Amino acid sequence: MKKATILIVFLILLFFSNALSLTLNSINIVKISQTKQTIILKFDNLENYTYIRLSNELFYIGTNNCEVKANLKPEYNIENIILKQLPNQTRIYFKLNKDYKYNINLSKINKNTLIINLISSDTSQSDDNTIKTAQTNSTQTANNIPMIITPVKPPSYNPKNITIVLDPGHGGKDSGAVGIGGLQEKDVVLNIAKYCAEILREKGFKVVMTRDSDVFIPLLQRVKIANDAKADLFVSIHANASLDPSAKGMEVFFLNATSNQKALRIAAVENDVPIEQMGTINKIIISLINQAKLKESAILAKDVDESIYSITKPTYPGLINRGIDQAPFYVLVGTNCPSILIETLFITNPQDNSYLKDTNYQQTIAKGIALGLIKYLDTTKSIDK
């Protein structure tokens, strides 16, 4: 069976295997005061979610496909709760009383509980570092305001409970791109991944590498390694190449369908399929995309891109940052966590090539990657596993 056919079959199977994986067990609406309500959503195991505010009085929470066993009964300033099932996403819409303006903040306090605080316009500014929870029961009424339990701060994550999977591209019989002087992509990216792993392990993180030597690992196996490790973040590391020797610079990708021919060409190379097959793969990926994962992966890509550039630019003149982009990379499709692919530099560009083969540059970009991952976790991770 041809590689492209295998890839398409895998994507289709992945789509159906992810059909239903989450249950929303309850939605409790608690009145804290005349100006504050708290919505408590309890899931069996919430991995990712998307919060989209459409207007002052309308927002929704999006998850991967979800079975809803909760009572969607509106109370207080929540006038209506609407459930909408999309092909690959469940959305819970909350319509608020339009006579007020709201400040809304969210916190995922553990794997099961999402807290949404609604504060109307006449209340004092909310303290984003304080989340109040309340004891509730089925007999609550507007005149029976529940007692507030001791304020709880969102716990910071523990690095030893965070698993980061680093994926050095290619390896073994697959050299990847071959640059000036015979420099091979597989060797460069393995070195960078090893340096990055060392930095992250020193910080206390658990690091899993899809390969730590010059061996060939199929794309499907790389995805399996990440999911078996229950990865919190997945980073695939590559070096770019072009027939145009003037093409240069680093770039960070996250998974998405695209019509950008440059991005499609890069994805075709990394997916090891003909560019002609990318149109079909693109269409399948549209149906597979988990919007919550996409949003988190885009933030991760931005943090890592900015971190790499800020730490490499001062020392390596002429280095170009091509920014972040999106493309349908096979190795990013099946992972169950925020995932990015880094094209470190162009191995076919004279200046980029000289940097890529330099040990100091490899260590510097590895540090940039590690610090970008930590920045993402510091600003987005609010659960202590």
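What you are looking at is a predicted structure, and each value in this text was computed from that prediction instead of being measured.

Draft legend 1. Expanded view of the overall build of the protein. Along the backbone of the protein there are 9 helices and 15 strands. Looking at the protein residue by residue over its 385 residues, the buried ones come to 51%. On the protein, roughly 17400 Å² of surface is accessible, and the fraction owed to carbon and sulfur atoms is 52%.

Draft legend 2. Highlighting the sheet that holds strand S8 (residues 102-108). Spatial ordering of the open sheet is given by S5-S1-S2-S9-S8, a layout of 5 strands whose pairing is mixed. Two strands close off the open sheet at either side, each with one partner strand: strand S5 (66-68) and S8. For this sheet, the mean inter-axis angle between neighbouring strands, taken without regard to orientation, is 25°. Judged from the 7 bridges that link them, strand S2 (residues 36-43) and strand S9 (residues 113-120) form a sheet pairing that is antiparallel. The residue of S9 that forms the bridge with leucine 41 is leucine 114.

Draft legend 3. Examining unusual backbone geometry more closely. Of note, tyrosine 76 is a non-glycine position whose phi angle comes to about 55°, a positive value. Residue position: tyrosine 76 is located in the loop between S5 and strand S6 (78-86). We note that lysine 230 has phi near 55°; this positive angle belongs to a residue other than glycine.

Draft legend 4. Just the sheet that holds strand S3 (residues 50-55), in detail. Spatially, the 4 strands line up as an open sheet ordered S3-S4-S7-S6, and their pairing is antiparallel. Unpaired on one side and paired on the other, S3 and S6 mark the two borders of the sheet. Each strand of the sheet is rotated relative to its neighbour by a mean of 20°, with strand direction disregarded. Note that S3 and strand S4 (residues 58-63) share 5 bridges and pair antiparallel. Opposite serine 55, over in S4, you have leucine 58 as the bridge partner.

Draft legend 5. Looking closely at the packing of aromatic side chains. A complete count under the given rule lists 6 aromatic pairs for this structure. When the ring of tyrosine 60 is compared with that of tyrosine 93, the centres are 4.9 Å apart and the planes differ by 50°; the resulting orientation is tilted. Here tyrosine 93 lies in strand S7 (residues 89-96) and tyrosine 60 lies in strand S4, a separation of 33 residues in the sequence. The residues tyrosine 60 and tyrosine 93 share a single accessibility class, namely buried. Seen in terms of ring centroids, tyrosine 316 and tyrosine 355 are 5.0 Å apart; in terms of plane orientation they differ by 75°. Their pairing is edge-to-face. With a gap of 39 residues between them, tyrosine 316 in the loop between helix H6 (291-312) and strand S14 (321-327) and tyrosine 355 in helix H8 (residues 350-356) connect regions that are remote in the sequence. The class of tyrosine 355 is buried, set by a relative accessible area of 11%. An aromatic cluster of at least three residues, connected via ring pairs, comprises Tyr51, Phe59 and Phe94. Positioned above the aromatic ring of phenylalanine 216, the side-chain terminus of lysine 173 is 4.7 Å from the ring centre.

Draft legend 6. Inspection of the packing of helix H2 (residues 185-202) against helix H9 (residues 359-380) at higher detail. H9 packs onto H2 with a crossing angle of 50° between their chain directions and a minimal axis gap of 8 Å. Considered as vectors, H2 and H9 are oriented oblique to each other. When you trace H2 past H9, the crossing you get is right-handed. Side by side, H2 and H9 meet where Val188, Asn191, Ile192, Tyr195, Cys196, Ile199 and Leu200 of the first sit next to Thr359, Gln362, Gln363, Ile365, Ala366, Lys367, Ile369, Ala370, Leu373 and Ile374 of the second. Here the contact of H2 with H9 is composed, by residue class, of 12 nonpolar, 4 polar and 1 charged.

Draft legend 7. Here's a closer look at the pattern of salt bridges. According to the stated counting rule, one finds 7 salt bridges in the structure shown. Taking the shortest distance from any N to any O, the salt bridge between lysine 186 and aspartate 214 comes out at 3.1 Å. Remark: aspartate 214 occurs in the loop between strand S11 (206-209) and helix H3 (219-228) and lysine 186 occurs in helix H2; sequence separation between them is 28 residues. Classification of lysine 186 by relative accessible area gives buried; the value is 9%.

Draft legend 8. Highlighting H2. In a regular helix each residue adds 1.5 Å, so 18 residues correspond to 26 Å; H2 covers 26 Å between its end C-alpha atoms and thus fits that length. Residues of H2 that are buried: Glu185, Lys186, Val188, Val189, Leu190, Ile192, Ala193, Cys196, Ala197 and Leu200. Positive backbone phi, at 100°, marks glycine 204, one or two positions downstream of H2.

Draft legend 9. Spatial organisation of the environment of histidine 238. In this structure, histidine 238 sits in strand S12 (residues 233-240). In this structure, the C-alpha to C-alpha distance between histidine 238 and proline 168, residues 70 residues apart in sequence, is 6.7 Å. Here histidine 170 takes part through its side chain, which lies 3.4 Å from a polar atom of the side chain of histidine 238.

Draft legend 10. Structural view of H3. The complete set of buried residues in H3 reads Arg222, Val223, Ile225 and Ala226. One side of H3 carries all its buried residues, which in axial view fall inside an arc of 155°. Lysine 230, located one to two residues past H3, shows a positive phi value of around 55°.

The rules behind each value
- Residues numbered from 1 in each chain as written.
- Predicted model: local features only at pLDDT ≥ 70, side-chain atom pairs only at ≥ 80, totals over all residues.
- Heavy atoms only, no water.
- Helix = DSSP H or I, 4+ residues; strand = E, 2+ residues; numbered from the N terminus.
- Buried < 20%, exposed > 50% of the residue type's maximum accessible area, 1.4 Å probe, protein only.
- Areas by Shrake-Rupley, 256 points an atom, 1.4 Å probe, with all protein chains shown as cover.
- Pairing = 2+ DSSP bridges.
- Axes fitted to C-alpha atoms, helices over the stretch in contact; angles between N-to-C directions.
- Phe/Tyr/Trp six-rings, centres within 6.5 Å; stacked < 30°, edge-to-face > 60°.
- Lys NZ or Arg CZ within 6 Å of the ring centre and 35° of its normal.
- Parallel < 35°, antiparallel > 145°, perpendicular 65-115°, else oblique.
- Left-handed = near helix turned anticlockwise from the far one by under 90°.
- Contact = heavy atoms within 4.5 Å.
- Nonpolar A, V, L, I, M, F, W, Y, C, P; charged D, E, K, R; others polar.
- Salt bridge = Lys/Arg side-chain N within 4 Å of Asp/Glu carboxyl O.
- Expected span 1.5 Å × (residues − 1).
- Polar contact = N/O pair within 3.5 Å; in protein donor to acceptor, adjacent residues only side chain to side chain.
- Arc of directions from axis to C-beta.

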